[in-house]
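Residue strings, one per chain:
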Amino acid sequence: MLLFDSLAETAEFARRWVPFCKKYSVEPRAPDIYFNEKIDYLKDKVQPTFVKDRRAMKREYEEFKVRINALVAKAQKKPEEGWVMQDGTPWPGNNTRDHPGMIQVYLGSEGALDIEGKELPRLVYVSREKRPGYQHHKKAGAMNALVRVAAVLTNAPFMLNLDCDHYLNNSKAVREAMCFLMDPQIGKKLCYVQFPQRFDGIDRHDRYANRNVVFFDINMKGLDGIQGPVYVGTGTVFNRPALYGYDPPVSEKRQKMTCDCWPSCCCGGSRKSKSKSKSKKKSIKALLGLGGLYSKKKKTMNGKNYTRKPSGPVFDLEEIEEGLEGYDELEKSSLMSQKNFEKRFGQSPVFIASTLKEDGGLPEGTNPTTLIKEAIHVISCGYEEKTDWGKEIGWIYGSVTEDILTGFKMHCRGWRSVYCCPKRAAFKGSAPINLSDRLHQVLRWALGSVEIFMSRHCPLWYAWGGKLKWLERLAYINTIVYPFTSIALLAYCTLPAVCLLTGKFIVPTLNNFASIWFMALFISIIATSVLELRWSGVSIEAWWRNEQFWVIGGVSAHLFAVFQGLLKVLAGVDTNFTVTSKAADDAEFGELYLFKWTTLLIPPTTLIILNMVGVVAGVSDAINNGYGSWGPLFGKLFFAFWVIVHLYPFLKGLMGRQNRTPTIVVLWSILLASIFSLVWVRIDPFLPKQKGPILKQCGVEC
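Residues numbered from 1 in each chain as written. Predicted model: local features only at pLDDT ≥ 70, side-chain atom pairs only at ≥ 80, totals over all residues. Heavy atoms only, no water.

- The name that an unreviewed UniProt entry assigns to the protein chain is cellulose synthase (UDP-forming), with the source organism given as Solanum tuberosum.
- Of the protein chain, the UniProt comment under Catalytic activity (unreviewed entry) reads exactly: "[(1->4)-beta-D-glucosyl](n) + UDP-alpha-D-glucose = [(1->4)-beta-D-glucosyl](n+1) + UDP + H(+)".
- Under the Pathway (unreviewed entry) heading, UniProt states for the protein chain: "Glycan metabolism; plant cellulose biosynthesis." (UniProt positions renumbered as here; feature names shortened; annotations may be inferred.)

Okay, structure coming up:
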């Protein structure tokens, strides 16, 4: 009910805020961000009334915030009798797990105009039906319900998907996406336009790599040249037919030049036969009375042809079967295929009719009351039963990272995507600022990748022989196998300490030929990294932060994700992920050093202590053995310090604001490091195993 009442207040505030933004070209159009910007707001503003209107608008916004805060304070404690709406009726959603579907249209309907009398964009509150015993599929299920409601009420051809913590930073972002989606050459083949994620509330040094610049500014740009970037779950403008499981349109081949004077055998048929086929199609349309239902434009879904409807009234699918006798199989199958829509999309003729419209929009003469009832029907609990929702249509179920899975299915059908990077960031969001929340976020992403790896949708074996390009498949394989690299990474971070504790060196002595190969490989890797940084404009500092957090996340969150994924898939033990809390203050970074206990912190802490103990042990051993032992020691110290430097941001976050580390973390880490060191000394694999008695010289000449 808090969201319901907040949207009502927001709709009232929008009647004044939207005309103000349009009149003075306000950027960004999120009022809280706009009024808190520390810039000269008079720059490029020449209207004499701007200052007066801005002051009045800011007063309106402050009053709006007071009303919203009052609603929040009221919602802190639920009354015993449950929430009651303003008209005195009980709130239908008092039981959050057992309530009917609810829809409320605030703006866009008759009478909901701005203060200048102009029509506003439609604002609709949607709460899908919840009943015990039904699987609701969290975010993916909510998105599918919203897709169906939007199709029934407005049926816009394009849809923008944003997370709840993101805001529109560039009012022209959707227009830029539509420039791709409406392109006459590639527009019909695009499933979505992906924007990069940008964040507020991150410290200047980006200690925990929240900006993720290597992924968004290097990897995603590279994928744009293959078949398109992966879907990241937010900041995406979709082409609606791609979400319905349709295949992209096939490029039409250019027709060969023909002439009426040529023989009919060369032209592939006479003009007379062609005119007969055209008249036959017209007679079919007249007999069935389907209007614009039968069209030459066809859409394919999983290899089957389905006709698309450019315009026309809503029809009853049961009437399609009548009057089909006597027509050839091609035309009959084209019309009979309409019956299969109910099995795929569910029992809603209104929704099915909306999927057949070529350019979106509602049929003429629709009744708003009837549409609201149909919208309530499509968000009911049992609507998706025995349909393809969540399997082939809409957001795909079965993983906590439904975004990767949904985009992957679209690319497998032959769609391609586009990466759009405007100069002014299109959308901005809040990032988890402290270490614990950041690790839980990475854990959730990695767990979703492991789930996909162990499912039938794994890119290693799914949709071979389809329309997914080889390099695009390799990119998707990379998105699901990276958590498993944590096992090797854990070994690499442990071996330097092992060498220092045992006095052995893991790097073998190379001959001249092998050294040349090693140096060539090393130089090529460095050159490739430098070229990528120059091409994408990523700074050295941002790249280094990304490398540091790759090690931190690899030995903690990725490692846990592998074991949790194995438990979930093999043993059926489900683990709940923690919703990450985001930074609330952009200036103070008050939560940067806030510590929250989590088991994810134990492995990196153990590695730090282990390598520090190894450094102390190695230096002590060199001091005892004299000058000759310092040379081999430097190589061992280099690898140990390399691990410590990568884990340094973790160490800073672990110490907390007052440089206090929880005792339990220190105890667990020291215990594990001690056990490992003692066990390694007891069973040192570098020492040769001797058989029989150990014989020593007595020192006496016998």
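### Some thoughts on the overall build of the protein chain
Working step 1: Scanning the protein chain from terminus to terminus reveals 23 helices and eleven strands.
Working step 2: Residues classed as buried in the protein chain amount to 43% of the 702 residues present.
Working step 3: Within the protein chain, residue pairs in contact and separated by at least 24 positions form 77% of the contacts whose partners lie at least 6 positions apart.
Working step 4: Just so you have it, the protein chain exposes about 39400 Å², and 59% of that area is on carbon and sulfur atoms. (Helix = DSSP H or I, 4+ residues; strand = E, 2+ residues; numbered from the N terminus. Buried < 20%, exposed > 50% of the residue type's maximum accessible area, 1.4 Å probe, protein only. Contact = heavy atoms within 4.5 Å. Areas by Shrake-Rupley, 256 points an atom, 1.4 Å probe, with all protein chains shown as cover.)

### Points about a nonpolar patch on the surface
Working step 1: On the surface, a cluster of nonpolar side chains totalling about 570 Å² of accessible area is made up of F518, M519, F522, I523, I526 and V530.
Working step 2: Assignment of secondary structure puts I526 in helix α18 (residues 512-536). (Patch = residues over 30% accessible without salt bridge, like charges linked within 9 Å, V, L, I, M, F, W, Y side chains within 5 Å. Salt bridge = Lys/Arg side-chain N within 4 Å of Asp/Glu carboxyl O.)

### Examining the sheet that holds strand β11 (residues 427-430)
Working step 1: Read across the open sheet, the three strands follow the order β4-β11-β6; overall the sheet is mixed. The open sheet terminates on both sides in strands that have one partner only, identified here as β4 (166-168) and β6 (198-200). On average, adjacent strands in this sheet sit at an angle of 40° to one another, irrespective of strand direction.
Working step 2: Looking at chain direction, β4 and β11 are connected through three bridges and run antiparallel. Bridged to L168 within β11 is F427. (Pairing = 2+ DSSP bridges. Axes fitted to C-alpha atoms, helices over the stretch in contact; angles between N-to-C directions.)

### Quick word on the sheet that holds strand β7 (residues 236-239)
Working step 1: Sheet architecture is open: four strands sit in the order β3-β7-β5-β10, paired in mixed fashion. Each edge of the open sheet carries a strand with a single partner, namely β3 (158-161) and β10 (416-419). Strand after strand, the sheet turns through a mean of 20° between neighbouring axes, direction not considered.
Working step 2: Along the sheet face, helix α14 (residues 402-412) touches β5 (190-194), β7 and β10 and points at about 140° away from the line of β5.

### Looking at the UniProt feature "transmembrane region" (unreviewed entry) in the protein chain
Working step 1: Per the UniProt record, "transmembrane region" (unreviewed entry) is annotated on residues 480-501, 513-531, 551-571, 592-613, 633-651 and 663-683.
Working step 2: Its end C-alpha atoms 29 Å apart, residues 551-571 is made of 100% helix and 0% strand.
Working step 3: Measuring from the first to the last C-alpha atom of residues 633-651 gives 25 Å, for a span that is 95% helix and 0% strand.

### Side note on unusual backbone geometry
Working step 1: Cis geometry is adopted by the peptide bond preceding P28, which originates at E27 and carries an omega value of -10°.
Working step 2: With respect to the secondary-structure elements, P28 resides in the loop between α1 (2-24) and α2 (31-36).
Working step 3: The phi torsion at S25 lies on the positive side, around 50°, for a residue other than glycine.
Working step 4: Relative to the assigned elements, S25 resides in the loop between α1 and α2.
Working step 5: For S25, a relative accessible area of 51% corresponds to the exposed category.
Working step 6: Residue A463 is not a glycine yet carries a positive backbone phi of 60°.

### Quick look at the pairing of β11
Working step 1: Because side chains alternate across β11, one face comprises the buried residues F427 and G429, and the other comprises K428 and S430, none of which is buried.
Working step 2: Bridge count between β6 and β11: three bridges; the pairing is parallel. Across the sheet, R198 pairs through a bridge with K428, a residue of β11.

### Some points on the UniProt feature "binding site: Mn(2+)" (unreviewed entry) in the protein chain
Working step 1: Per the UniProt record, "binding site: Mn(2+)" (unreviewed entry) is annotated on K139 and D163. Look at the named residues: they lie 25 residues apart in sequence, but the longest C-alpha span between them is just 10.2 Å, so in the fold they bunch up.
Working step 2: Among the secondary structure elements, K139 is positioned in helix α4 (residues 138-153).
Working step 3: Here D163 lies in the loop between β3 and β4.
Working step 4: If we ignore the near neighbours within four places in the chain, the residues touching D163 are K139, G233 and T234.
Working step 5: Within the structure, D163 has its side chain in polar contact with the side chain of K139 (distance 3.2 Å). (Polar contact = N/O pair within 3.5 Å; in protein donor to acceptor, adjacent residues only side chain to side chain.)

### What to know about the nonpolar core
Working step 1: Membership of the largest hydrophobic core comes to 54 residues, with the highest contact counts inside it found for F238, Y244, F345, F351, W389, W395 and M410.
Working step 2: With eight residues, α4 is the single largest residue contributor to this core.
Working step 3: In this structure M410 touches C191, Y192, F238, A242, L243 and W415, once residues within four positions along its chain are discounted. (Core = buried A, V, L, I, M, F, W, Y, C linked by side-chain atoms within 4.5 Å.)

### A few points about the packing of helix α6 (residues 213-223) against α18
Working step 1: Viewed as axis vectors pointing N to C, α6 and α18 meet at an angle of 90°, and their least axial separation amounts to 9 Å. Taken together, the axes of α6 and α18 are roughly perpendicular relative to one another. Judged by residue contacts, D217, I218, K221 and G222 of α6 engage E532, L533, W535 and S536 from α18.
Working step 2: Classifying every residue of the contact of α6 with α18 gives three nonpolar, two polar and three charged. (Parallel < 35°, antiparallel > 145°, perpendicular 65-115°, else oblique. Nonpolar A, V, L, I, M, F, W, Y, C, P; charged D, E, K, R; others polar.)

### Quick look at the packing of aromatic side chains
Working step 1: Summed over all chains, the structure comprises 36 aromatic pairs.
Working step 2: Here F215 and F216 contribute two aromatic rings whose centre-to-centre distance is 5.0 Å and whose plane-to-plane angle is 80°, an arrangement assigned as edge-to-face.
Working step 3: Using a relative accessible area of 22% as the deciding quantity, one classes F215 as partly exposed.
Working step 4: Look at F216 and you get buried, because its relative accessible area is 4%.
Working step 5: Each residue in the set F13, W17, F20, Y24, Y34, F35, F50, Y61 and F64 is aromatic and connected to the rest through ring pairs, giving one cluster.
Working step 6: Seen from the ring of W389, R148 lies directly overhead, with NZ or CZ sitting 4.8 Å from the centre.
Working step 7: Sitting over the ring of W464, R473 keeps its end group 4.0 Å from the ring centre. (Phe/Tyr/Trp six-rings, centres within 6.5 Å; stacked < 30°, edge-to-face > 60°. Lys NZ or Arg CZ within 6 Å of the ring centre and 35° of its normal.)

### Some thoughts on the pattern of salt bridges
Working step 1: Applying the stated criterion to the full structure yields 20 salt bridges.
Working step 2: Measuring nitrogen to oxygen at the nearest pair gives 2.9 Å for the salt bridge that ties E384 to R148. Remark: R148 occurs in helix α4 and E384 occurs in the loop between α13 (368-378) and α14; sequence separation between them is 236 residues. The residues E384 and R148 share a single accessibility class, namely buried.
Working step 3: With a shortest N-O distance of 3.8 Å, D200 and K428 are connected by a salt bridge. Pair noted here: D200 is in strand β6 and K428 is in strand β11, with a separation of 228 residues, a long-range link.

### Looking at the environment of W91
Working step 1: On the secondary structure map, W91 appears in the loop between α3 (50-74) and β1 (102-107).
Working step 2: Once the C-alpha coordinates of W91 and M1 are considered, the two residues, 90 residues apart in sequence, prove to be 7.2 Å apart.
Working step 3: Aside from chain neighbours lying at most four places away, what touches W91 is M1, F4, W83, V84, M85, M102 and Y125.

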